[in-house]
Amino acid sequence: FPSHDIANTTGNTASTVSLSDGSGFSRTGYSLSKWNTQADGLGTDYTLGQTNVTMPAGGISLYAKWTAVSQNITYDSNNGSGTIANTTGNTATTVTLSDGTGFSRTGYSLSKWNTQANGLGTDYTLGQTNVTMPAGGISLYAKWTANVYIVYFNGQYGTVSPNYIDYTYGSP
């Protein structure tokens, strides 16, 4: 929610007043663009700091009109290598996450994105669509899964038991 700390503009009926320039109003991920006579923004617009406004009888209530600003989703390889371009979009719009092409790690497969480097945050799938861009953007960390290899043993005309094992990369 926006923060607000702006003094009221006062004046007598039919007098000329100047509107606030909006200093003191803030909302993460948005910029204050105008004032409007309706909360839904469908009323009459006034510019920030507008001068020569005639004060109507009974006064007037003006509502902040916000414009979403561009945010970034950044990608961290999290012990891997490579680079991936940021995903950019305006606050509250839907974006598609990277599919992970550009990151690699020997012995591991990139399985998901996570909001925490330790993997204990919120998971997102690779290439996930319809992600709502958060105000302030977000950093996503690669979540790696160790590859499993099947190792076969050849007894060279003898018997080996077992004749194969599953080996998880990085295990003893």
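Basis of the calculations
- Residues numbered from 1 in each chain as written.
- Predicted model: local features only at pLDDT ≥ 70, side-chain atom pairs only at ≥ 80, totals over all residues.
- Heavy atoms only, no water.
- Helix = DSSP H or I, 4+ residues; strand = E, 2+ residues; numbered from the N terminus.
- Rg over C-alpha atoms; globule rule 2.2 N^0.38 Å.
- Buried < 20%, exposed > 50% of the residue type's maximum accessible area, 1.4 Å probe, protein only.
- Contact = heavy atoms within 4.5 Å.
- Areas by Shrake-Rupley, 256 points an atom, 1.4 Å probe, with all protein chains shown as cover.
- Lys, Arg positive; Asp, Glu negative; His and termini not counted.
- Charge placed at Lys NZ, Arg CZ, Asp CG, Glu CD.
- Core = buried A, V, L, I, M, F, W, Y, C linked by side-chain atoms within 4.5 Å.
- Pairing = 2+ DSSP bridges.
- Phe/Tyr/Trp six-rings, centres within 6.5 Å; stacked < 30°, edge-to-face > 60°.
- Lys NZ or Arg CZ within 6 Å of the ring centre and 35° of its normal.
- Salt bridge = Lys/Arg side-chain N within 4 Å of Asp/Glu carboxyl O.

Chemist: An account of the overall build of the chain is requested, with residue identities and associated values reported.
Modeler: Regarding its fold elements, the chain presents zero helices and 16 strands. In terms of overall size, the chain is more extended than a compact globule, its C-alpha atoms giving a radius of gyration of 28 Å where 172 residues would be expected to give roughly 16 Å. Among the 172 residues that make up the chain, the fraction classed as buried is 23%. Considering only residue pairs separated by 6 or more positions, the chain has 57% of its internal contacts joining residues 24 or more positions apart. Taken as a whole, the chain presents about 10800 Å² of accessible surface, with 48% of it coming from carbon and sulfur. Each charge class in the chain was averaged separately, 6 positive and 8 negative side chains, and the resulting centres sit 3 Å apart.

Chemist: Explain the nonpolar core to me, using residue names and the numbers behind them.
Modeler: Membership of the largest hydrophobic core comes to 13 residues, with the highest contact counts inside it found for Ile-73, Tyr-75, Leu-97, Phe-103 and Trp-113. Elements supplying a minimum of two residues to this core: strand E6 (70-76), strand E11 (108-114) and strand E14 (138-146). Beyond its immediate stretch of four places on either side in the chain, Tyr-75 contacts Ile-84, Ala-85, Asn-86, Thr-87, Leu-97, Ser-98, Phe-103, Trp-113 and Leu-140. Membership of the second largest hydrophobic core comes to eight residues, among which are Leu-32, Trp-35, Met-55 and Trp-66.

Chemist: An account of the sheet that holds strand E3 (residues 45-46) is needed here, citing residue identities and associated values.
Modeler: Paired through backbone hydrogen bonds, the strands of a sheet run either parallel or antiparallel to each other. Strand order in this open sheet of three strands is E3-E2-E5, and the pairing throughout is antiparallel. At either end of the open sheet lies a strand with only one pairing partner, and these are E3 and strand E5 (63-68). Bridge count between strand E2 (residues 30-36) and E3: two bridges; the pairing is antiparallel. Within the sheet, the bridge partner assigned to Trp-35 lies in E3 and is Tyr-46.

Chemist: Describe the packing of aromatic side chains, with residues and values.
Modeler: According to the stated counting rule, one finds six aromatic pairs in the structure shown. Between Tyr-75 and Trp-113 the ring centres are 4.7 Å apart and the planes differ by 50 degrees, which places this aromatic pair in the tilted class. With a gap of 38 residues between them, Tyr-75 in strand E6 and Trp-113 in strand E11 connect regions that are remote in the sequence. Classification of Trp-113 by relative accessible area gives buried; the value is 0%. Residue placement shows Arg-27 over the ring face of Tyr-30; its charged tip is 3.9 Å from the ring centre.

Chemist: Give a detailed account of the pattern of salt bridges, specifying residues and quantitative values.
Modeler: Tallying each qualifying case throughout the model produces four salt bridges. We note a salt bridge from Asp-123 to Lys-143, for which the minimum N-O separation is 3.0 Å. Taken as a pair, Asp-123 in strand E12 (residues 123-124) and Lys-143 in strand E14 lie far apart in primary sequence, 20 residues in all. Within this structure, Lys-34, Asp-45 and Lys-65 form a network of salt bridges that share partners.

Chemist: Provide a residue-level description of the environment of Ser-61, including the pertinent values.
Modeler: Summarising the element assignment, Ser-61 is placed in the loop between strand E4 (53-54) and E5. Classification of Ser-61 by relative accessible area gives partly exposed; the value is 49%. The sequence separation of Ser-61 and Arg-105 amounts to 44 residues, and the corresponding C-alpha distance is 58 Å. Look past the residues within four positions of Ser-61 in its chain and what remains in contact with it is Asn-36 and Thr-37.

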